[in-house]
Amino acid sequence: MRFFHLLLAATLAYTSIPEGQAKSLTGDRALLVLPKATEAKPEDYGRFVESLKSRGFSVTFQTATSNKLNLFVYGERQFDHLVLLAPKAKRLGNGITAKSLVEFIDDGGNIVMAAGSDFGGAQRDFAKQLGIDFDLRGNVAVDHFHYLPAPETEAGVRDPENHTRILTDQYTNSTYIVGDQVRQGGPILYQGVGHRHMTNSQPTMLWSVLTGYPTTYSFDTSEGQVVTSKDSLLSGSKMHLVSAFQARNNARVMVVGSTSLFSDAFFATPVPSSTVLTSPKPNGNDQFVRDLTEWTFQEKSVVRVNSVSYHVVGPNESDEKKESNPSANPGSFRVSDRIKYSINLSEYYADQWHPAQVNQLQFEAVMLDPYVRQTLEAESRTGTAAVYSQIIDLPDVYGVFTFKVDFLRRGLSHVKHTDVVPILPFKHNEYDRYLVSAYPYYISAGSLMVSFLVFCGIWIFNGDSTIKVKKS
Amino acid sequence: MVTVTQLVQQFQKSYWTQTPLQLKLIDAYLVAIMLQGVLQFIYCLAISSFPYNAFLAGFGAAVASFVFTASLRIQVNPKNTEYSHQAPERAFAEFLVCQLTLFFIVTNYIG
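Note that the structure is a prediction, hence the values are computed from the model and not measured.

Right, let's get into the side chain of Glu294(A). Residue and element names in this part refer to chain A. As for its placement among the helices and strands, Glu294 is situated in helix 7 (residues 285-296). Residue Glu294 is classed as buried on the basis of its relative accessible area of 15%. Beyond its immediate chain neighbours, meaning those up to four positions away, Glu294 contacts Arg55, Glu299 and Lys300.

The next subject is the domain arrangement of chain A. Residues and elements named next belong to chain A. Annotation of chain A at the domain level lists domain 1 (2-296) and domain 2 (302-424). In this assembly, 11 residues from domain 1 lie in contact with 13 residues from domain 2. For the pair domain 1 and domain 2, the summed buried area comes to about 1200 Å², and 57% of that belongs to carbon and sulfur atoms. Of all residues in domain 1, the largest losses of buried area upon contact with domain 2 belong to Leu25, Tyr176 and Trp207, amounting jointly to 47% of the total for that side. At the boundary of domain 1 with domain 2, the tally comes to 1 salt bridge. Our count for the domain 1 to domain 2 interface comes out at 5 residue pairs in polar contact (both at pLDDT 80 or more).

Residue and element names in this part refer to chain B. Between the first and last C-alpha of helix 4 (residues 88-109) there are 31 Å, a value that for 22 residues agrees with the 32 Å anticipated at 1.5 Å per step. Inspection of helix 4 places Pro88, Ala91, Phe92, Phe95, Gln99, Leu102, Phe103 and Val106 among the buried residues, and these make up the whole buried set. In an axial view of helix 4, the angular spread of the buried residues amounts to 105°, which keeps them on one side of the axis. The outward face of helix 4, more than 90 degrees from its buried face, is lined by the exposed residues Val97, Leu100, Phe104 and Asn108. One or two residues past the end of helix 4 sits Gly111, with phi positive at roughly 85°.

Quick look at the packing of helix 3 (residues 98-106) of chain A against helix 4 (residues 121-129) of chain A now. All names here are of chain A. Two numbers describe how helix 3 lies on helix 4: the axes approach to 8 Å, and their chain directions differ by 50°. The orientation of helix 3 with respect to helix 4, classified from their angle, is oblique. For helix 3 against helix 4, the interelement crossing comes out right-handed. When helix 3 is examined against helix 4, the residues Ala98, Leu101, Val102 and Ile105 are found in contact with a partner set consisting of Ala122, Asp125, Phe126 and Gln129. In the contact of helix 3 with helix 4, the residues fall into 6 nonpolar, 1 polar and 1 charged.

Before going further, it helps to spend a moment on the environment of Tyr147(A). All names here are of chain A. Residue position: Tyr147 is located in the loop between strand 8 (139-142) and strand 9 (166-168). The exposure class of Tyr147 is partly exposed, given its relative accessible area of 23%. Considered as a pair, Tyr147 and Leu292 are 145 residues apart in the sequence and their alpha carbons are 22 Å apart.

To continue, consider the interface of chain A and chain B. At the interface, 28 residues of chain A touch 38 residues of chain B. Taking both partners together, chain A and chain B bury about 2900 Å²; carbon and sulfur atoms supply 72% of that area. The tally of links from chain A across to chain B stands at 0 salt bridges. Viewed at the interface, chain B and chain A are joined by 4 residue pairs in polar contact (both at pLDDT 80 or more). At 15 residues, helix 9 (residues 439-461) of chain A tops the list of elements feeding residues into the side of chain A that touches chain B.

Attention now goes to the nonpolar core. All names here are of chain A. Counting residues in each nonpolar core, the largest one holds 41 residues, and the members touching the most others are Val242, Met254, Phe262 and Phe288. Looking at this core element by element, the count peaks at 4 residues for helix 7. Residue contacts for Phe262: discarding those within four places in its chain leaves Tyr45, Phe48, Leu85, Val112, Ala114, Val256, Phe267 and Val289. Grouped together as the second largest cluster of nonpolar side chains are 37 residues, Leu84, Ile105, Leu130 and Ala251 included.

Cut-offs and rules
For every chain, the first residue of the written sequence is number 1, and numbering continues from 1 onward in sequence order. Ligands are numbered from 1 and chains lettered from A, in the order in which they are written. Two thresholds apply to this predicted model, a pLDDT of at least 70 for residue-level local features and 80 or more for giving and counting side-chain atom pairs, whereas whole-chain, interface and lining totals are computed over all residues. Side-chain measures here rest on the full set of heavy atoms in the structure, leaving out hydrogens and waters. By the criteria applied, helices consist of DSSP H or I runs no shorter than four residues and strands consist of E runs no shorter than two, each listed in order from the N terminus. Burial here depends on accessible area, computed with a 1.4 Å probe over protein chains only, as a share of the maximum for the residue type. Under 20% is buried, over 50% is exposed, and the range in between is partly exposed. Any two residues whose heavy atoms approach within 4.5 Å are treated as being in contact. The domain boundaries here were taken from an automatic or database domain assignment. When two parts are brought into contact, each loses some accessible area as probed by a 1.4 Å sphere; the total of that loss over both is the buried area. Any carboxyl oxygen of Asp or Glu that lies within 4 Å of a side-chain nitrogen of Lys or Arg is treated as forming a salt bridge with it. Polar contacts, as used here, are pairs of N or O atoms within 3.5 Å; protein pairs need one atom able to donate a hydrogen and one able to accept it. Residues neighboring in sequence count only if both atoms are side-chain atoms. Expected span of a helix: the number of residues minus one, times 1.5 Å. By arc we mean the arc of the directions from the helix axis to the C-beta atoms, nothing more. Helix axes use the C-alpha atoms of the stretch in contact, all axes being lines fitted to C-alpha atoms, and the angles between their N-to-C directions lie in the range 0 to 180 degrees. What sets the label is the angle itself: under 35 degrees gives roughly parallel, over 145 gives roughly antiparallel, 65 to 115 gives roughly perpendicular, and the rest give oblique. Crossing chirality is assigned from the near helix's rotation relative to the far helix, an anticlockwise turn below a right angle marking it left-handed and a clockwise turn marking it right-handed. Nonpolar residues are Ala, Val, Leu, Ile, Met, Phe, Trp, Tyr, Cys and Pro. Charged residues are Asp, Glu, Lys and Arg, and all others, Gly as well, are polar. Among buried residues, those of type Ala, Val, Leu, Ile, Met, Phe, Trp, Tyr and Cys that are joined through side-chain atoms within 4.5 Å constitute a nonpolar core.

Below, the structure written as structure tokens:
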């Protein structure tokens with residue numbers, strides 16, 4: 001069996017030639033880590049794997065405990081994307097720890113990690129590093145109101161039901177991760193564990209994607225367990241089923257509390273249209289998993305800064321700099337200059353770059369504090385990019401400023417562009433001269449000098465005899 | 001009983017008869033400078049102090065000139081015996097140097 005599995009894995013690895021360009025922006029090498037062959041086989045995830053391959057990934061399979069499982073060889077990252085479907089594995093590959101998974105992220109790799117009720121070891125530690133705290137071992141998500149009834153046995157008697165195959169469509173608001181197609185489709189069939197976000201987790205980096213209904217809670221369903229008041233029940237919207245994490249380098253991690261979410265068996269299970277068993281319809285798992293992996297593997301919701309330009313507008317426009325190099329941004333500005341700041345953004349989805357559609361994109365001119373903070377307005381768009389710009393009055397303060405666009409939205413890659421631009425005071429000979437309002441002062445100073453000359457003339461030529469006479 | 005009118009008249013009479021011509025000249029010059037300073041200050045308050053450097057230069061020049069001229073008046077006044085040991089020419093020379101330096105600064109500063 002094991003031999004067969006390895007053979008299959010090897011065959012799949014070599015036959016999965018990507019069709020053309022990978023659709024992910026960060027590479028096409030995906031590694032699927034499965035548990036022992038007795039627990040799960042690649043065929044169990046056939047449709048999921050097929051989906052990955054059709055999107056241009058070259059998928060490699062490895063058993064979780066295999067010594068051949070290495071994320072890095074001689075410090076080189078071996079895979080761009082990692083799918084961990086082996087929550088039970090105590091040991092991962094050739095000494096892979098939570099730290100190596102974090103290194104993988106730091107190096108730009110993306111991870112989809114599925115957890116289970118007996119989730120432990122390196123993977124649990126890794127989840128903790130992301131600010132995700134899985135519920136106690138043995139606990140699973142239960143919902144007595146939104147569940148899929150267990151299949152009837154042939155005798156017409158149903159299996160004992162513990163309502164662990166729950167149905168949910170409680171997606172979070174951001175459509176950057178879960179698209180409209182999933183939201184309008186059937187509910188998600190989910191069997192697994194819930195987690196909570198640790199209180200010190202970064203709300204700008206860790207986002208909930210899917211939670212249960214308010215009636216969903218986490219409980220040990222094995223025999224003889226009763227709910228006691230001592231149990232701190234994880235429930236409702238505090239119990240996250242799927243969470244997305246985006247690191248500072250825009251590497252992405254998707255943490256899912258269920259392996260069966262990805263399985264063919266769940267993809268194929270129809271769900272009732274409502275909680276009452278009426279006409280069954282397909283569930284949303286297929287498209288949901290596709291959305292999750294597309295987001296995680298940088299196939300969508302990636303925003304790129306194509307270019308940033310700024311220049312003086314209005315009467316103070318300096319011609320000399322424009323003539324020397326019209327495309328370059330000026331190295332400095334004068335205080336109170338009126339400038340135009342433009343940023344050119346593209347968003348990647350559906351396999352190509354599109355003009356980015358963003359709201360409340362803000363420009364900041366920062367010198368310790370933001371002196372200017374203004375919203376950039378959509379100016380123009382081409383087939384692949386959109387330009388956002390604004391006329392900005394620079395402050396009447398000189399110093400070294402940072403022109404900054406720092407745009408962070410749930411599910412969208414972190415857009416950050418900074419330029420250090422000094423704002424200079426006027427040189428002493430750059431001030432305006434001969435102003436009309438200053439003429440009285442000029443005239444006054446002039447008349448003072450003339451009257452001084454007249455006074456001296458009279459003093460010298462009109463004799464100081466009086467004083468001399470008196471003195472003598 | 002001496003009234004205020006009498007007092008002023010007496011002051012005018014003694015000023016015109018006893019004050020040397022030199023000092024009268026200085027006094028006329030002082031009045032002219034003071035008028036200039038006052039006019040500039042009124043202009044600044046009423047209209048604008050916008051080229052502030054120009055205002056400072058113009059008004060400062062008037063004030064400084066007034067001070068220099070007043071010093072000259074003190075030194076050449078024969079009644080002030082403490083200056084009797086030095087010639088009035090020396091006082092005038094000092095006055096010249098100060099004024100010329102002042103005008104140099106004012107010209108630079110006025111913009």
